[in-house]
Amino acid sequence: MHLYEMPFRRCDGHGCGGFGDSRGARKHNGVDLACRPGTPVNSPVSGRVTKLGYPYGDDLSFRYVEISTNGYRYRVFYVEPTVAEGDEVSRDSFIGQSQSLNGRYSDITEHVHFEVMNPAGEIVDPTPIIFAQQR
Ligand SMILES: [Zn+2]
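What you are looking at is a predicted structure, and each value in this text was computed from that prediction instead of being measured.

Asks: A description of the environment of S22 should follow, citing residues and the corresponding values.
Replies: As for its placement among the helices and strands, S22 is situated in strand β1 (residues 22–23). The exposure class of S22 is exposed, given its relative accessible area of 51%. Linking S22 and R73, residues 51 residues apart in sequence, is a C-alpha distance of 23 Å. Within the local environment of S22, its side chain forms a polar contact with the backbone nitrogen of G24, the two atoms lying 3.4 Å apart.

Structural data, given as structure tokens:
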């Protein structure tokens, strides 16, 4: 499933899913897109897999996939990867399956988290990318 086909996560007891929404002292640096755990997730862009990372240092069962192109880095969190670092992917490619967050945050809306960094390494709002792909 493409990220743009998933509904935006609305607010729940753990917060709201929009870019810049409050996370206590911090702000949410991506957008959350609701999907059932186990959903096959498409790459948000065509590019190269540059990292398979770990969102949480204290629980290495959670993963993220980073795809890079044109100096931009696109990260999709809470995805069990089915790709390897160095793979070329297109938007037709599946990069993995969405993971369940309920073991970590009870009653949270199940979702993947999408964040984007520009070539300067700054976080940018990915919301316009999602809307552009919905057209
Ligand atoms: Zn998020």
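Asks: Account for the nonpolar core, naming residues and giving values.
Replies: Judged by nonpolar contacts, the single largest core of 21 residues is most densely connected at L3, I95, V112 and F114. Elements with a minimum of two residues in this core: β3 (31–34), β5 (47–53), β6 (64–69), β7 (72–77) and β11 (111–117). Here the element with the most residues in this core is β11; it accounts for three residues. Setting aside anything within four residues of it in sequence, one finds V112 in contact with L3, M6, V31, D32, L33, C35, V41, V76, F77, Y78, V79 and S98.

Asks: Tell me about the pairing of β5, and name the residues and values.
Replies: Note: β5 against strand β9 (residues 88–89), two bridges, orientation antiparallel. When the bridges of β9 are listed, G47 appears paired with V89. Pairing geometry for β5 and β6, over five bridges, is antiparallel. Residue G53 lies in a different strand from β6, and its bridge partner there is Y64.

Asks: An account of the environment of R73 is requested, with residue identities and associated values reported.
Replies: Mapped onto the secondary structure, R73 falls in strand β7. Distance in space between the C-alpha atoms of R73 and P44 is 11 Å, their sequence separation being 29 residues. The contacts of R73, once residues within four sequence positions are left out, are E66, I67, S68, E115, V116, M117 and G121.

Asks: Explain the sheet that holds strand β4 (residues 40–42) to me, and be specific about the residues and the numbers.
Replies: Pairing is antiparallel in the open sheet, where three strands are placed in the order β4-β10-β8. Either end of the sheet is taken by a strand with one partner, and the two such strands are β4 and β8 (79–81). Between one strand axis and the next, the sheet turns through 45 degrees on average, direction left out of account. Note that β8 and strand β10 (residues 94–98) share three bridges and pair antiparallel. If you follow E80 over to β10, its bridge partner there is Q97.

Parameters and conventions
Residues numbered from 1 in each chain as written. Predicted model: local features only at pLDDT ≥ 70, side-chain atom pairs only at ≥ 80, totals over all residues. Heavy atoms only, no water. Helix = DSSP H or I, 4+ residues; strand = E, 2+ residues; numbered from the N terminus. Buried < 20%, exposed > 50% of the residue type's maximum accessible area, 1.4 Å probe, protein only. Polar contact = N/O pair within 3.5 Å; in protein donor to acceptor, adjacent residues only side chain to side chain. Core = buried A, V, L, I, M, F, W, Y, C linked by side-chain atoms within 4.5 Å. Contact = heavy atoms within 4.5 Å. Pairing = 2+ DSSP bridges. Axes fitted to C-alpha atoms, helices over the stretch in contact; angles between N-to-C directions.

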